[in-house]
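This is what each chain is made of:
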Amino acid sequence: MITIKSGREINMMLEAGKIVAACHKEIAKRIKPGMTTLEIDSFVEKYLAKFGATPEQKGFNGYQYATCASVNDEICHGFPTHKPLKDGDIVTIDFVANLHGGLADSAWTHTVGTISNDASRLLKITKESMYKGIEQALIGNRIGDIGHAIQTYVEAEGFSIVRDFTGHGIGKTIHEDPPVPHYGKPGKGPRLKEGMVITVEPMVNLGSWHSKMDANGWTARTIDGKLSAQYEHTIAITKNGPLILTKQE
């Protein structure tokens, strides 16, 4: 069931989103070769606590960490590890903050040292595709309009869009209706209404869009071992257009 949030609820989520956005900016300042994703995970949990927030995904369906940390060919839900990051790596840090019951979710692909031209272009197109999708998050449009905008842009640039994982509604829990695919046909799917809050979080691959699952049952990676990137914002549907609750810029 799709829930409509009140202005008060959206404001609570916006306050959580400000913390998430600021935390991502701090990660970008700190990340460097030799750092581990477990160190990043610990930093995120401590940063949230400093502002009275908690990592909502820790304990969610048995998940053990404050963040998902997906490196290079990992698409999503990578486990933080003790393995040092290397110059040229890309790593997507994804986490949800809970601030007094308001949730905000954002993933960002961070660069480690100097990355390749292919990786740089992948990140650029992935981030731009997210904003192309967000532009379609207007009252009266449909979920399919978001996915279509993302898919057509990504594929025209020679990349592929992951189909196995989607965005989602968010509110009292991390994952609510409706699913928000990053592919599809315009004019299809649930109609967007004022007060809906969703995530737009395209996962874009350098090679094939197909994924495979690691033995841990959580981590998805590209089937061909090529790079994957992801950017995600939590947005509210408002009469003034999409309101980005996790805005960094």
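Residues numbered from 1 in each chain as written. Predicted model: local features only at pLDDT ≥ 70, side-chain atom pairs only at ≥ 80, totals over all residues. Heavy atoms only, no water.

### Quick notes on helix α3 (residues 117-135)
The α-helix advances 3.6 residues per turn, and as a result positions three or four apart in sequence lie on the same side. Over its 19 residues, α3 runs 27 Å from end to end, which matches the ideal 27 Å to within 8%, given 1.5 Å per residue. Among the residues of α3, those classed as buried are A119, L122, L123, I125, T126, S129, M130, G133 and I134. (Helix = DSSP H or I, 4+ residues; strand = E, 2+ residues; numbered from the N terminus. Expected span 1.5 Å × (residues − 1). Buried < 20%, exposed > 50% of the residue type's maximum accessible area, 1.4 Å probe, protein only.)

### Some points on the sheet that holds strand β11 (residues 211-213)
If you trace the three strands from one edge of the open sheet to the other, you get β3-β12-β11, paired in antiparallel fashion. Unpaired on one side and paired on the other, β3 (74-76) and β11 mark the two borders of the sheet. Adjacent strand axes in the sheet meet at a mean angle of 40 degrees, parallel and antiparallel pairs treated alike. (Pairing = 2+ DSSP bridges. Axes fitted to C-alpha atoms, helices over the stretch in contact; angles between N-to-C directions.)

### With respect to the UniProt feature "domain: Peptidase M24" (unreviewed entry) in the protein chain
If you check UniProt for "domain: Peptidase M24" (unreviewed entry), the listed places come out as residues 12-239 in our numbering. Note that residues 12-239 is 29% helix and 27% strand, and that its end C-alpha atoms are spaced 18 Å apart. (UniProt positions renumbered as here; feature names shortened; annotations may be inferred.)

### So, the nonpolar core
Ranked by size, the top nonpolar core spans 29 residues in total, and within it I146, V200 and I235 carry the most contacts. Top contributing element to this core by residue count: α3, with six residues. Aside from chain neighbours lying at most four places away, what touches I235 is I134, A137, M196, V197, I198, V200, P242, L243, I244 and L245. Grouped together as the second largest cluster of nonpolar side chains are 22 residues, A69, L85, A97 and L99 included. (Core = buried A, V, L, I, M, F, W, Y, C linked by side-chain atoms within 4.5 Å. Contact = heavy atoms within 4.5 Å.)

### Notes on the pattern of salt bridges
One pass over the structure, following the stated rule, counts 13 salt bridges. Across the salt bridge formed by K18 and E15, the nearest N and O atoms sit 3.1 Å from each other. Here K18 pairs with E15, and both are found in helix α1 (residues 7-30), just three residues apart, close to one helical turn. The salt bridge involving E26 is made with R30; its shortest N-O contact spans 2.4 Å. Of this pair, E26 and R30 are both found in helix α1, four residues apart, which corresponds to roughly one turn of the helix. A residue is classified by how much of its surface remains accessible, and E26, at 18% relative accessible area, is buried. A relative accessible area of 39% places R30 in the partly exposed class. (Salt bridge = Lys/Arg side-chain N within 4 Å of Asp/Glu carboxyl O.)

### Here we look at the packing of α3 against helix α4 (residues 143-156)
Across the interface, α3 lies against α4 with an axial gap of 8 Å and an inter-helix angle of 150 degrees. Considering the angle they form, α3 stands roughly antiparallel to α4. Remark: the crossing between α3 and α4 carries right-handed chirality. Contacts from I125, E128, S129, K132 and G133 of α3 reach α4 at I146, A149, I150, Y153 and V154. Classifying every residue of the contact of α3 with α4 gives six nonpolar, two polar and two charged. (Parallel < 35°, antiparallel > 145°, perpendicular 65-115°, else oblique. Left-handed = near helix turned anticlockwise from the far one by under 90°. Nonpolar A, V, L, I, M, F, W, Y, C, P; charged D, E, K, R; others polar.)

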